[in-house]
Amino acid sequence: MKKILLPFVLSTLLMGETVMAQTIEMIIGERAFAVDLLKHDAARAFADRLPMTLTFENFGSTERIAYLKQPLTIGSAPTATDPKVGDLAYYIPWGNICVFVKDFRHSEDLVPMGKMSSEATEALKQSGNQPVTFRAIKK
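Residues numbered from 1 in each chain as written. Predicted model: local features only at pLDDT ≥ 70, side-chain atom pairs only at ≥ 80, totals over all residues. Heavy atoms only, no water.

(A) Region of the structure containing the overall build of the protein. For the protein, the count of helices and strands is three helices and eleven strands. Going from N to C terminus, the protein has its helices and strands arranged as α-β-β-α-β-β-β-β-β-β-β-β-α-β. Considering only residue pairs separated by 6 or more positions, the protein has 61% of its internal contacts joining residues 24 or more positions apart. Accessible surface for the protein amounts to roughly 8200 Å². Of this, 55% is attributable to carbon and sulfur atoms. (Helix = DSSP H or I, 4+ residues; strand = E, 2+ residues; numbered from the N terminus. Contact = heavy atoms within 4.5 Å. Areas by Shrake-Rupley, 256 points an atom, 1.4 Å probe, with all protein chains shown as cover.)

(B) Layout of the pattern of salt bridges. Summed over the entire model, instances satisfying the criterion amount to three salt bridges. Across the pair Asp87 and Lys115 runs a salt bridge, and its minimum N-O distance is 3.1 Å. One end of the pair, Asp87, is in strand S7 (residues 87-91); the other, Lys115, is in strand S10 (residues 110-116), and 28 residues separate them in sequence. Note on Lys115: relative accessible area 30%, which makes it partly exposed. (Salt bridge = Lys/Arg side-chain N within 4 Å of Asp/Glu carboxyl O. Buried < 20%, exposed > 50% of the residue type's maximum accessible area, 1.4 Å probe, protein only.)

(C) Looking closely at the nonpolar core. Core analysis: the biggest nonpolar cluster contains 32 residues, and Met26, Phe46, Phe56 and Phe134 have the highest contact counts within it. Sort the elements by how many residues they give to this core and helix H2 (residues 41-48) lands first, with five residues. Setting aside anything within four residues of it in sequence, one finds Phe56 in contact with Arg64, Ile65, Ala66, Ile97, Val99, Leu124, Gly128, Asn129, Val132 and Phe134. Counting residues in each nonpolar core, the second largest holds five residues, with Ile65, Ala89, Cys98 and Leu110 among its members. (Core = buried A, V, L, I, M, F, W, Y, C linked by side-chain atoms within 4.5 Å.)

This is the structure in structure tokens:
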């Protein structure tokens, strides 16, 4: 089995494919949604703080943002991305988490953190000022 997986993993990394590290949950009201986190220092720093409850607000019509109490450690995480709908990211200058509800242009100082489904993105878009909790998935 290892001999089969190793070429797949190597080819995935060499082709620039996104490597997800872990899946967490986003809870809005009574509904839970999976959020896949990327494999890098900033995403790990976010996951290490869980559980965490945030209140999101609209930032224009493109994203929903929520401020963290303390900045994330970026480490070797990428610091620029071309965000698409459903992308979870961290904006370095303001120290906020953001979820894109519309595609956006290439942005510097924006750390890609993960991805959520269209259903999760829509639920967050419609959540208003309702608290949103991120937590590790119970096993």
